[in-house]
Amino acid sequence: METSIEQLIEAGLSAHKEADFLEAERFYRMVLDREPRNARANHHLGLIAAIQEQPSRAIPYFRVALEERPEEDICWISFIEALIRDEQVEAAQKALA
């Protein structure tokens, strides 16, 4: 029996909560292997990169999550925060507008 996307996300979230970012990333990447534009997996991979103080690596993940779920406030917040941390202030201002 194949593991569902939701089960993989939940396993990733569980590892993420335990600060096992390597394991969480493994589960999120398994989701992206099946659904490359999955908003939740992309957002959480972005969060892992941001936690590791790698905003430039986080931005592409947040961008995909935002493109897939533009109505989600958390996607906007994460994206803009990563832009600011990456010193892309103008891009952050444009995103806010």
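Keep in mind it's a predicted model, so treat the numbers as computed, not measured.

Chemist: How do you make sense of the pattern of salt bridges when you look at a structure like this?
Modeler: Any two side chains of opposite charge can pair, on the condition that their charged atoms come close. A complete count under the given rule lists 8 salt bridges for this structure. For E25, the salt bridge is made with R57, and the minimal N-O distance between the two is 3.9 Å. You can see E25 sitting in helix α2 (residues 21-34) and its partner R57 sitting in helix α4 (residues 55-68), a full 32 residues away along the chain. R57 sits in the partly exposed class, given a relative accessible area of 28%. Across the pair E67 and R37 runs a salt bridge, and its minimum N-O distance is 2.6 Å. Taken together, the residues span a long stretch of sequence, with E67 in helix α4 and R37 in the loop between α2 and α3 (39-51) at a distance of 30 residues.

Chemist: Explain the confidence of the model for the protein to me, please; I cannot follow it from the model alone.
Modeler: Any segment with low pLDDT has predicted coordinates that should not be analysed in fine detail. Per-residue confidence for the protein averages 96 on the pLDDT scale, and 99% of its residues sit at or above 70. Taking the mean pLDDT of every element in the protein, the minimum, 92, falls on helix α6 (residues 89-96) and the maximum, 98, on α2.

Chemist: Honestly, the packing of helix α1 (residues 5-17) against α2 in this entry has me stumped. Any pointers?
Modeler: Any two packed helices are characterised by how steeply their axes cross, that is the angle between the axes, and by the distance between the axes. At a minimum axis separation of 7 Å, α1 and α2 run at an interaxial angle of 160 degrees. Classified by the angle their axes make, α1 and α2 are roughly antiparallel. The handedness of the crossing between α1 and α2 is left-handed. Of the residues in α2, those in contact with I5, L8, I9, A11, G12, L13, A15 and H16 of α1 are F21, E23, A24, F27, Y28, M30, V31 and R34. Its residues placed into classes, the contact of α1 with α2 shows 12 nonpolar, 2 polar and 2 charged.

Rules and cut-offs
- Residues numbered from 1 in each chain as written.
- Predicted model: local features only at pLDDT ≥ 70, side-chain atom pairs only at ≥ 80, totals over all residues.
- Heavy atoms only, no water.
- Salt bridge = Lys/Arg side-chain N within 4 Å of Asp/Glu carboxyl O.
- Helix = DSSP H or I, 4+ residues; strand = E, 2+ residues; numbered from the N terminus.
- Buried < 20%, exposed > 50% of the residue type's maximum accessible area, 1.4 Å probe, protein only.
- pLDDT = per-residue confidence, 0-100.
- Axes fitted to C-alpha atoms, helices over the stretch in contact; angles between N-to-C directions.
- Parallel < 35°, antiparallel > 145°, perpendicular 65-115°, else oblique.
- Left-handed = near helix turned anticlockwise from the far one by under 90°.
- Contact = heavy atoms within 4.5 Å.
- Nonpolar A, V, L, I, M, F, W, Y, C, P; charged D, E, K, R; others polar.

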